[in-house]
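These are the residues of each chain, in order.
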Amino acid sequence: MASAVIPNLSADGYTRFNDDTINLRRAVGSERDGHEIESRMEMCAASEEQDLPNMIGSQSSLDHEYVTDGVSGEVRVLSDPKDIGKSWETNYHEAAIYLEEGANNEKFDSHPSDPKAVPAYLLVHNNWYYGLDLFTSSLLLLLALGEDPAVSALKLPVAAHSIMEIAALITLAGELFLKMRWIGWRTILHHKRTAIKCLTLVVMFFEALVVLIRRSSHFRVTRAFRPIFLIDTRSFGAVRRFIRQILQSMPPILDMMGLLFFFVSTFALLGYFLFSGDPHNPNFSSLTSSFVSMFVLLTTANFPDVMMPAYSRSTWYALFFISYLCIVLYVLMNLMLAVVYETFTRVERDKFRKLLLHKRQACRLAFRLLVSKQNPTHVRFRQFEGLIHYYAPNKSPLDILLMFHYLDQSGTGGLSAEDFFRVYDAVTLTWEPQFAHTPWFHTAWPPLQNVLQKTHDLVHWKHFELVIYIIIICNGIAMVTRIGQNYDHLQEAARAFAASWDTILFLAIFVLEALLKVLGLGLSRYFSSGWNVYDFTVTLAALLGVLLNYMFPQLTCIVVLRPLRLLRLFKIKKRYRDVFGTVVLLSPLMSSALMVILVLYYFFAIIGMELFAGYNLKNCCNGTPVEDFYRWSANTTTPGGYYYLNNFENIAVSFVTLFELMVVNNWFIVMNAYAVVVHPSSRIYFMLFYLLTSVVLTIVVASVLEAFRFRIQYKRQTTKREEEKMLHEELHLKWEEISRLLQDQHVLDSLRPHLVVGGTSTFIGCRPRNREVLQNRMYRAEIEEWMNEAAAAEKINQNGNQPFTNDVDAEHVVITESDNIVLGVDREDTILRRLTLR
């Protein structure tokens, strides 16, 4: 692999050589594994003169014309073409890592400074290792299903889950050990997330050993920190950013909560002195119960029950509760939402700016590794291809060629630093030939072509969609008719609703519609539409429902598959299209929010199991206001007496209980039961869970409002034509220019079927309609200002002004044999001249 021989960074000036090319042949369609890399290195060895990388490896002080063997430590002149090939491969890999860190908003200070550490560095930054890290972290979380208290069907022996936990922790420790190889302890201590991960891993490892030795579990709240390992994986970068946004939004939330608790405490104190004298009103019997009652009233879960005892004494007491709810619920809570929304909007804009500038810095660092010593200001095609091989390995040679031409706006055959800054945008583009919009059947058999042409004209008929909408409405009317009829039993009703003759008739029409669209548009264009994918999916699901109904009549739940097609009617109104569009834009954010909530659930579920597992809630609260909810007997149970099921006997049941608490309907009943059974201080657990979930849900609501406002504002400022121009790029490829650029007959032969030989080929690049692309449009003026500020800062900074050189002293200036030939002077004079120039 490229890490076998690790060269070091440049410390001297540039030495000009003949700008010859390396014939790096890349087999089209190959898997591009280690064998291909070795093959390309052998091809490099066949060339007489090579491009030398201007900088090699990561952070070192040796001259770039010297190479250090990562195994033996031997230093030798970088003259072997195979060494040069390995050096380029190392640069490609590390440049791709820079781009990944830029996209994931990760710091750039974790690159190795010791050449011997590069093999470990490249091993960790590998897709296979990313997958192993994700699998191990997920397995560690899933162990909670089999650990005591476990789900009965998944219970594991203590030795089994302990060994699995230790194995997972050792695997995770292996990653940290590899990081030590190039980061060191001092750097890790500056990374808070990594430091917390190390500390948690050590504690959990010793706890798992104790469990394995004792063959029994003990009090282990540290299991609640297992999600740290999952969040730290590469796949959860968006979740980490969302958590960071939550933390950045916390100061104003804490300010509002402080004001909120002031009013809660004030009204609790007033309520105690107003109502504690009533022996029939236990809600205010003490200051503690008064505060708990007013805190629960904040969620309205105990209203009006908490008011009625006082209200029965005097109707004027209603003013106390009404004024309290008006102040804390309708004023302060909504004001907190407004504050969170304003803060979230500001944080979102600031996050976009920082991520944009972080990506620019990543491009600048990657650019330094891709330029050659002969041409230190431009990235050539073969270096760009080597980068994409690691950064986006799914891209075809044609895609890479189109990306390079898209970035090369000057047409010089090389990418300047400013051109390279747009590499993230280039990677998102998907390309198709300009004639892709011509009917897919234009080369078919002529008689068949005539039939398909008529089908094509039919699906493009302006009233075709209207006819489909009318059929969908008729389908809805038929469903309403079926619902209004009386049936002897549920199976007969399900058969009439989901598998009757009218159901089969409408399904046949919808299948015919899908078939006509596929024949008229072609598979690729048909499935490029989200609504077509939805129609196809629900039609296929409804057909499956008909078959299941005949095979398993008792499966009555399949009736839900038929009404799904009615959702297509909401496409007619623009307001609904905006709502669906907002949902699509929000889907990544909502996924991150969902993962944060699940992590929060896992944290509190583990703590809840450690604190409350094993307590029996049946008939637990006799003599308390909640006794009716827990009254149970073997023969009869009161209508509300099923609350004993809201417990923490395993992690699955705990998740259900926590969801009920998050919904806040009667959540205080569960809290008060554990306050009676365990200890009154257990209320702190439930109150903290409510507060934290309220914070997360408030931020989610703020994100939804901000996204909807953003989309509406975007729609107002952007016409349909401007949006299409923004989402599409047109590119022209001339065969002569491509031949001069590639200089590889094998690659040229593979591209012949896709290009016009001797002429010009036109391609259309499409951007995804995601939030980032729209933000680039909305903040275009700000982006230009941010980029100008960044460029000015780089000019002020000496390193930014001369990005390809490093400040060195005499002992770091290494003169090669080629320097002596070019300069025609001896070694000492050359060193003095270079130091004088610096």
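Calculation criteria
- Residues numbered from 1 in each chain as written.
- Predicted model: local features only at pLDDT ≥ 70, side-chain atom pairs only at ≥ 80, totals over all residues.
- Heavy atoms only, no water.
- Axes fitted to C-alpha atoms, helices over the stretch in contact; angles between N-to-C directions.
- Helix = DSSP H or I, 4+ residues; strand = E, 2+ residues; numbered from the N terminus.
- Left-handed = near helix turned anticlockwise from the far one by under 90°.
- Contact = heavy atoms within 4.5 Å.
- Nonpolar A, V, L, I, M, F, W, Y, C, P; charged D, E, K, R; others polar.
- pLDDT = per-residue confidence, 0-100.
- Polar contact = N/O pair within 3.5 Å; in protein donor to acceptor, adjacent residues only side chain to side chain.

- The name given to the protein in an unreviewed UniProt entry is Two pore calcium channel protein 1, with the source organism recorded as Frankliniella fusca.

Quick notes on the packing of helix 9 (residues 237-275) against helix 26 (residues 683-717)
Here comes step 1: With their axes 10 Å apart at the nearest point, helix 9 and helix 26 run at an angle of 115° to one another. Note on packing geometry: the crossing formed by helix 9 with helix 26 is right-handed. Contact residues: F242, I246, S249, M250, I253, M257 and F261 in helix 9; L691, V695, V696, I699 and V700 in helix 26.
Here comes step 2: Counted by class, the contact of helix 9 with helix 26 contains 11 nonpolar, one polar and no charged residues.

Digging into unusual backbone geometry
What is expected of a backbone is that most residues other than glycine have negative phi and most peptide bonds are trans.
Here comes step 1: In this chain, D148 is followed by P149 through a cis amide linkage whose omega measures -5°.
Here comes step 2: Tracing the backbone shows P149 in the loop between helix 4 (127-142) and helix 5 (158-182).
Here comes step 3: P304 follows F303 through a cis peptide bond whose omega is 5°.
Here comes step 4: Along the polypeptide, P304 turns up in the loop between helix 10 (287-298) and helix 11 (308-313).
Here comes step 5: Its identity is not glycine, yet R215 carries a phi of approximately 60°, on the positive side.
Here comes step 6: Non-glycine residue T300 carries a positive phi angle of around 65°.
Here comes step 7: Following the sequence through the fold, T300 ends up in the loop between helix 10 and helix 11.

Some details on the confidence of the model for the protein
Do not read the predicted coordinates in detail wherever pLDDT is low.
Here comes step 1: When pLDDT is averaged across the protein, the result is 78; 82% of the residues are at 70 or more.
Here comes step 2: When the criterion is pLDDT under 50, residues 59-78 qualifies, and its contacts beyond four places in sequence or with other chains add up to 82 contacts.
Here comes step 3: Confidence drops under a pLDDT of 50 for residues 800-838, and excluding neighbours within four residues, the segment shows 68 contacts in the predicted structure.

Points about the side chain of R562
Here comes step 1: Among the structural elements, R562 can be located in the loop between helix 22 (530-551) and helix 23 (574-612).
Here comes step 2: Here the side chain of R562 touches T503 through a polar contact of 2.8 Å, side chain to side chain.

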